[in-house]
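# Residue-level structural notes
Each chain, letter by letter, is given below.
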Amino acid sequence: MKKIIRNEKIRNIAIIAHVDHGKTTLVDAMFRQSGLFRPGLEVDERIMDSMDLERERGITIAAKNCSVKWNGVKINIIDTPGHADFGGEVERALSMADGAILLVDASEGPLPQTRFVLKKTFEKGLKVVVVINKIDRKDARPEQILDEIYDLFIDLDADDEQLDFPYLYAIGRQGIAKKTLAEKRDDLHLLFETILNEIPAPGYDPEEPFQMLVSDLGYSDYLGRLAIGRIFNGKAEFHDTMVCINDKVEHLPLKISKLQVYDGMNLKEVDAAEPGDIVVLSGIEDVKIGDTICTREYPKPLKRITVDEPTISMEFTINTSPLSGKEGKIVQSAKIRERLIKETLKNVAVRLEQTEDRERFIVKGRGEFQMAILIETMRREGFELSVGRPKVIYKHSIGTMLEPIEKLFVDCDADFFGVVTEKLSIRKGRLTHLVNNGRGRVRAEFSIPSRSLIGYRDEFLTDTKGTGIMNTLFEGYEAFRGYFPTRFTGSIVSDRQGNSVAYALYHLEPRGRIFIVPGEPVYEGMIIGEHNKAVDISANPSKEKKLTNIRAAGKDESIVCSPVKPMTLERAINFIKDDEMVEVTPQSIRLHKRVLSLKKRKNKNGVN
Ligand SMILES: Nc1nc2c(ncn2[C@@H]2O[C@H](COP(=O)(O)OP(=O)(O)OP(=O)(O)O)[C@@H](O)[C@H]2O)c(=O)[nH]1
Ligand SMILES: [Mg+2]
């Protein structure tokens, strides 16, 4: 019988929830109350959301580690993202944890990603502490939500022990957690105590030598590559020699050049690290997430981290527009390739496929939002590139084509439900569940192909006047449900290179929705607007008013173009059709036909 000892000085927890249920804000409060900041110190909100894009968008994108101390016990915390597209981060984070805090918004209740993350913790056999958060909300209904959480546990086949989950009510933003709603409390002490009492301390086998599972990678200019992960067995000391077992079961030698552990949001150098702790180890460059670092004498790999397969793919190419190289500093395919490989190392849910064409790459991931974030990050780093429309990944089984299917949860005003159902049925969605509470709002569940949802969110918000809520949950693969058009409109395409002028754009307005403003550079094949009809039309956006001897061209003050909604990256990739691409540079987002020349496009389509 194996003897398992528990390191009572440590707890490892992941904070998991649906998007926006308050994970990162709760970590702030845990920091404050564990004495990490000196009293009176001004600290930013959501301090763990340290990436620029996280701060701008107010969401967590990558799971991150930190730690707090409570009563002499170190609690390693992993804050995870709640957006479904970053689900791979949750799976990675759970590989370091012995338990999870499941936050559920006291008004919204369990939502699709609550189910996803809870299911993942069950698969790993982790202990769960439920926190019903934001009970200060005016529309909070905490008791009802507790029932809904029970239902979710039952639905996920929780056993009796799991069903007996500990739970607390909280206002994360004010740093309050309590056992009952009536109780008066103004701190999180109960949460800390519950973690210490309920989440098992990390267990290890004292007979086993050092073993660490690499769950994250970092980089430091001084130390090079950093391998981050939990020590499953044994101890490590500075200068120890070890091996790293990779996915090909090769043993790569290494010497620990530095050992660090989490201390609040920072890292602290240590001479030795204990079993159960989460460490940051330097001394090896060629390491990947999922590798095991262990001793040379007893090299035993741990089970590699597995995450769900990607569901969508997107084409990335060099920027082929005539304006290429004018706005970004990195344009070469070799650099794009290098950058994408780097992404796959750090981001477990992203895969890269090379194509025969050296300038074309297929990037696979969990959703178009994840792709948009990657592209946005690259353009900020100075890259120029072109990307195609996100496509779902099909599978084939005994002669049938299978496609990814999602559960779509819709909550909207009954008045808008008709138009929503109509749009979804065109997209091959099937209504599976409907609750009309009679108070004006409808809750419905659809089974729908993933491809139908690409770009649908914007339309849904327009159709429900911004008041609808939609959430999705990946369900699995089913037989292909048939084709339907992705867009019912065509594009207005520039027929030449030049600069757009107000006169031309103004006269194009009746034909559709214009994307550009006067003075913008245009080129042949560039999409300058959405045509009202299903076909593409060519136009000359730089056409000046005919010169007369009274007034100079382009100076017609009476012309005022309608305001143009700036094209965002997400809108652009959702808008384009298969024969169109988005040109991305640090300064601009332009849309263009894959084939720029009008003549070549006509020949290709067999017209002419
Ligand atoms: N009313 C109320 N709002 C809260 C509370 N805690 C957090 N919020 C708000 O909820 C929003 C989301 O908070 P975050 O902490 O970013 O949520 P999150 O779960 O980390 O979000 P993701 O990481 O993107 O999934 C913010 O606007 C917070 O201010 C709370 O206790 N009560
Ligand atoms: Mg967060």
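Provided above is the structure to which this section pertains.
Each value, and the rule that gives it
- Residues numbered from 1 in each chain as written.
- Chains lettered and ligands numbered in written order.
- Predicted model: local features only at pLDDT ≥ 70, side-chain atom pairs only at ≥ 80, totals over all residues.
- Heavy atoms only, no water.
- Axes fitted to C-alpha atoms, helices over the stretch in contact; angles between N-to-C directions.
- Helix = DSSP H or I, 4+ residues; strand = E, 2+ residues; numbered from the N terminus.
- Parallel < 35°, antiparallel > 145°, perpendicular 65-115°, else oblique.
- Left-handed = near helix turned anticlockwise from the far one by under 90°.
- Contact = heavy atoms within 4.5 Å.
- Nonpolar A, V, L, I, M, F, W, Y, C, P; charged D, E, K, R; others polar.
- Disulfide = S-S within 2.5 Å.
- Buried < 20%, exposed > 50% of the residue type's maximum accessible area, 1.4 Å probe, protein only.
- Phe/Tyr/Trp six-rings, centres within 6.5 Å; stacked < 30°, edge-to-face > 60°.
- Lys NZ or Arg CZ within 6 Å of the ring centre and 35° of its normal.
- Donors = N, O, S within 2.8 Å, 3.2 Å for Na, K, Ca; no water.
- Near = heavy atom within 4 Å.
- Polar contact = N/O pair within 3.5 Å; in protein donor to acceptor, adjacent residues only side chain to side chain.
- 1 Å grid on protein atoms, 1.4 Å probe; cavity = no way out; pocket = protein on both sides within 12 Å on 5 of 7 lines; lining within 4 Å.
- Points joined across faces, edges and corners; volume = space filled by probe spheres on them.
- Pairing = 2+ DSSP bridges.

Let us look at the packing of helix α10 (residues 414–426) against helix α12 (residues 456–463). α12 packs onto α10 with a crossing angle of 155° between their chain directions and a minimal axis gap of 10 Å. Regarding the angle of α10 to α12, the classification is roughly antiparallel. When you trace α10 past α12, the crossing you get is right-handed. Side by side, α10 and α12 meet where Phe416, Val419, Val420, Lys423 and Leu424 of the first sit next to Tyr456, Glu459, Phe460 and Asp463 of the second. Along the lines of polarity and charge, the residues of the contact of α10 with α12 split into 6 nonpolar, no polar and 3 charged.

Between two cysteines, a covalent bond joining their sulfur atoms is known as a disulfide. For the structure shown, the criterion picks out 0 disulfides. In this structure Cys294 is a free cysteine whose sulfur lies 8.1 Å from that of Cys244, the closest cysteine sulfur available. Overall, Cys294 belongs to the buried group, its relative accessible area being 0%.

The relative placement of two aromatic rings is captured by the distance of their centres and the angle of their planes. One pass over the full model with this rule turns up 13 aromatic pairs. Taken together, a centroid distance of 5.7 Å and an interplanar angle of 75° make the contact between Tyr394 and Phe480 edge-to-face. In this pair, Tyr394 sits in the loop between β24 (391–392) and β25 (395–397) while Phe480 sits in the loop between β29 (469–479) and β30 (490–494), placing the two residues 86 residues apart along the sequence. Here Phe417 and Phe446 contribute two aromatic rings whose centre-to-centre distance is 6.3 Å and whose plane-to-plane angle is 45°, an arrangement assigned as tilted. Here Phe417 is found in helix α10, whereas its partner Phe446 is found in strand β28 (residues 441–449), with 29 residues between them in sequence. Across the pair, exposure class does not vary: Phe417 and Phe446 are buried alike. What links up through ring pairs into an aromatic cluster is the set Phe122, Tyr150, Phe153, Phe165, Tyr167 and Tyr169. Residue placement shows Lys179 over the ring face of Tyr167; its charged tip is 4.0 Å from the ring centre. The ring of Tyr477 has Lys395 lying over it, and the distance from NZ or CZ to the ring centre is 4.3 Å.

The coordination sphere of the magnesium ion (ligand 2) contains the protein donors Thr24 (OG1) and Thr60 (OG1), at a distance range of 1.9 to 2.0 Å. Separated by 36 residues along the polypeptide, Thr24 in helix α1 (residues 23–33) and Thr60 in the loop between α2 (52–57) and β3 (64–70) bring together distant segments of the chain.

As a further point, take the site of ligand 1. Taken together, 19 residues lie near ligand 1, and Lys23, Thr24, Thr25, Thr60 and Asp136 sit nearest. Residue Asp20 places a main-chain N or O atom 3.1 Å away from an oxygen atom belonging to ligand 1. Taken together, the residues of the shell around ligand 1 break down into 3 nonpolar, 9 polar and 7 charged.

Its location among the elements puts Leu94 in helix α3 (residues 87–94). Overall, the relative accessible area of 2% leaves Leu94 in the buried class. Residues Leu94 and Ala14, spaced 80 residues apart in sequence, show a C-alpha to C-alpha distance of 6.3 Å. Residue contacts for Leu94: discarding those within four places in its chain leaves Ala14, Ile16, Lys120, Thr121, Lys124 and Leu126.

Let us now look at the layout of surface pockets. Take a probe with the size of a water molecule and roll it over the atoms, and the empty space left behind shows itself. By volume, the second largest pocket amounts to about 1100 Å³. Taken together, 38 residues form the lining of the second largest pocket, with Met51, Ala62, Lys64, Leu217 and Lys346 sitting closest to its centre. Within the residue set of the lining of the second largest pocket, elements represented by two or more residues are α2, β3, α3, β10 (211–220), β11 (224–233), α8 (333–346) and α9 (368–380). Looking at the lining of the second largest pocket, its residues break down into 20 nonpolar, 6 polar and 12 charged.

Turning to α3, a few remarks are in order. Counting buried positions along α3 yields 8 of 8 residues, so the element is predominantly enclosed. Taken together, the buried positions of α3 are Gly87, Gly88, Glu89, Val90, Glu91, Arg92, Ala93 and Leu94. Buried residues along α3 sit in contact with β2 (10–17), β4 (73–79), α4 (112–123) and β10.

Okay, empty space enclosed by the protein next. Scanning the entire structure with this criterion turns up 1 cavity of 30 Å³ or more. Its volume calculated, the largest cavity comes out at about 40 Å³. When its residues are assigned to classes, the lining of the largest cavity shows 2 nonpolar, 2 polar and 3 charged.

Remark on secondary structure: sheet strands pair via backbone hydrogen bonds, oriented parallel or antiparallel. Spatially, 7 strands are ordered β3-β4-β2-β5-β6-β7-β8 in an open sheet, and the strand pairing comes out mixed. Both outer strands of the open sheet, β3 and β8 (176–178), are each paired with one neighbouring strand and no more. The sheet shows a mean angle of 30° between the axes of neighbouring strands, taken without regard to direction. Across 6 bridges, the pairing between β2 and β4 is parallel. The partner of Ile10 across the bridge, within β4, is Lys74. Contacting β2, β3, β4, β5 (99–105), β6 (127–133), β7 (167–171) and β8, helix α7 (residues 189–198) runs over the sheet at an angle of about 100° to β3.

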